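What follows is the residue order along each chain.
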Amino acid sequence: MNILKLLVAIILISTLFVIEKLDLYIKIPGFEKIHRIYLSQQDICGSNYTKEEKIAKIVLNEITKKVEDVKISEYNSSISFVFQENYKVLITRIISIPPDKFPKEAIIYGGLKDGIKKYSLVAINGKLFGRVIEVYENSSKIITVFSPNFYVDAVFPNSKIRAILKGSPDGKMKIFASSGPIEGIEGEEAKTSGNKFSSPAGIKIGKVENEEVEIFFDLSDILYVSVIVEEENNI
């Protein structure tokens, strides 16, 4: 079953890559022209998104309250759990950034014993920072929005456009594929979509500038991060 899922994922990504390169357009009855077609528009910014965004605000507010407690705790006791609305949040520290990988990858405290799951999103100060890609017993590896290997499912709530964003070393994420033209949404904010691997919805990513999404934070303070893990009963 896992092999089948992997093959489906490879086929989907390959298809999107071809569509991206060919810059294809297609007309779907009932919708406007779809640019670089990707997924369905039926759930874009709909009731599910609105509900998930409210959940995200609750989760992120809880994170903000707890981060200061973590910062003033002992250096080796900087892990704190927050349970709220079917999400478990692990507030922890970055313990290693390989010099040749900076700022694309990092190692954080917390792993299997702490309930961290692969593909969980990682945030800094309520803004998207990366994703867990490997989970060990006491630590985890993450890739960040600065890595070309980082992808996230995003929405632009005002224009109701959905897109796959790709990380970039310069902090300006590329729009790998989208459900509509982005030329007219300069300055609009991108947020996580809330699908299985981009939950919860509503985590801020960045703003559109020159058809790219410039992320919201710099690299001056990347010690403490929050790993947001979705509980099994919400998948």
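This report concerns the structure included in the present document.

About the thresholds
Residues numbered from 1 in each chain as written. Predicted model: local features only at pLDDT ≥ 70, side-chain atom pairs only at ≥ 80, totals over all residues. Heavy atoms only, no water. Patch = residues over 30% accessible without salt bridge, like charges linked within 9 Å, V, L, I, M, F, W, Y side chains within 5 Å. Areas by Shrake-Rupley, 256 points an atom, 1.4 Å probe, with all protein chains shown as cover. Salt bridge = Lys/Arg side-chain N within 4 Å of Asp/Glu carboxyl O. Lys, Arg positive; Asp, Glu negative; His and termini not counted. Charge placed at Lys NZ, Arg CZ, Asp CG, Glu CD. Helix = DSSP H or I, 4+ residues; strand = E, 2+ residues; numbered from the N terminus. Phe/Tyr/Trp six-rings, centres within 6.5 Å; stacked < 30°, edge-to-face > 60°. Buried < 20%, exposed > 50% of the residue type's maximum accessible area, 1.4 Å probe, protein only. 1 Å grid on protein atoms, 1.4 Å probe; cavity = no way out; pocket = protein on both sides within 12 Å on 5 of 7 lines; lining within 4 Å. Points joined across faces, edges and corners; volume = space filled by probe spheres on them. Nonpolar A, V, L, I, M, F, W, Y, C, P; charged D, E, K, R; others polar. Core = buried A, V, L, I, M, F, W, Y, C linked by side-chain atoms within 4.5 Å. Contact = heavy atoms within 4.5 Å. Pairing = 2+ DSSP bridges.

Taken together, the side chains of Lys-54, Lys-57, Lys-204 and Lys-207 present a region of like positive charge at the surface. Of all the secondary structure elements, the ones that give two or more residues to the positive patch are helix 2 (47-72) and strand 13 (204-209). Among the structural elements, Lys-54 can be located in helix 2.

Per the counting criterion, the structure on display carries 2 aromatic pairs. Aromatic pair Tyr-151 and Phe-176: ring centres 5.5 Å apart, planes at 80°, arrangement edge-to-face. Of this pair, Tyr-151 sits in strand 9 (residues 151-156) while Phe-176 sits in strand 11 (residues 172-178); the two residues are 25 residues apart in sequence, bridging distant segments of the chain. Judged by its relative accessible area of 33%, Tyr-151 falls in the partly exposed class.

In the structure shown here, the tally under the stated rule is 2 cavities of 30 Å³ or more. Considering only enclosed or pocket space, the second largest cavity measures out at about 30 Å³ in volume. Every residue lining the second largest cavity is listed: Ile-94, Ile-97, Pro-103, Glu-105, Ala-106, Phe-129, Thr-144, Leu-219 and Ile-222. For the lining of the second largest cavity, a count of residues per class yields 7 nonpolar, 1 polar and 1 charged.

With that settled, consider the nonpolar core. Ranked by internal contacts, the top residues of the largest apolar core, which has 46 residues, are Phe-129, Phe-156, Leu-165, Met-173, Ile-205 and Val-213. If one sorts the elements of this core by residue count, strand 4 (residues 87-96) sits on top with 5 residues. Residues in contact with Val-213, not counting those within four places in the same chain, are Phe-156, Leu-165, Gly-171, Lys-172, Met-173, Ile-175, Ala-190, Ile-205, Gly-206, Lys-207 and Val-208.

Our next topic: the pattern of salt bridges. Applying the stated criterion across every chain, the model contains 5 salt bridges. Put simply, Lys-174 and Glu-212 hold a salt bridge, and the shortest N to O gap is 2.5 Å. Within this pair, whereas Lys-174 is found in strand 11, its partner Glu-212 is found in strand 14 (residues 212-215), the two being separated by 38 residues in sequence. Taking the relative accessible area as the measure of exposure, Lys-174 reaches 29% and is therefore partly exposed. Each of the salt bridges in this network shares a partner with another, and the network as a whole consists of Asp-170, Lys-174 and Glu-212.

Counted residue by residue, strand 11 has 5 buried out of 7 residues, so it is predominantly covered. Judged from the 4 bridges that link them, strand 10 (residues 161-166) and strand 11 form a sheet pairing that is antiparallel. Bridge assignment links Ala-163 to a residue of strand 11, and that residue is Ser-178. In this structure, the hairpin formed by strand 10 and strand 11 is closed by a connection of 5 residues, where Gly-171 is found at a positive phi of approximately 80°. Looking at chain direction, strand 11 and strand 14 are connected through 3 bridges and run antiparallel. Counterpart to Lys-172 in the pairing with strand 14 is Glu-214.

Further remarks concern a negative patch on the surface. The grouping of Glu-183, Glu-186, Glu-209 and Glu-211 at the surface amounts to a negative patch. Note on placement: Glu-183 falls in the loop between strand 11 and strand 12 (189-192).

It is worth spelling out the environment of Ile-116 at this point. Within the fold, Ile-116 resides in the loop between strand 5 (105-109) and strand 6 (121-124). Exposure remark for Ile-116: the relative accessible area of 4% places this residue in the buried category. If we skip the residues at most four places from it in the chain, Ile-116 touches Leu-90, Ile-108, Tyr-109, Gly-110, Gly-111, Val-132, Val-135, Ser-140, Val-227 and Val-229.

Time to look at the pairing of strand 9. Here strand 9 lies mainly inside the structure; 5 of its 6 residues are buried. Where strand 9 lies against strand 10, 6 bridges are found, and the strand directions are antiparallel. Looking at the pairing, Val-152 lines up with Leu-165 of strand 10. Hairpin connection from strand 9 to strand 10: 4 residues lie between these consecutive antiparallel strands, with Lys-160 at a positive phi of about 60°. Across 2 bridges, strand 9 lies against strand 12 in antiparallel orientation. Bridged to Val-155 within strand 12 is Lys-191.

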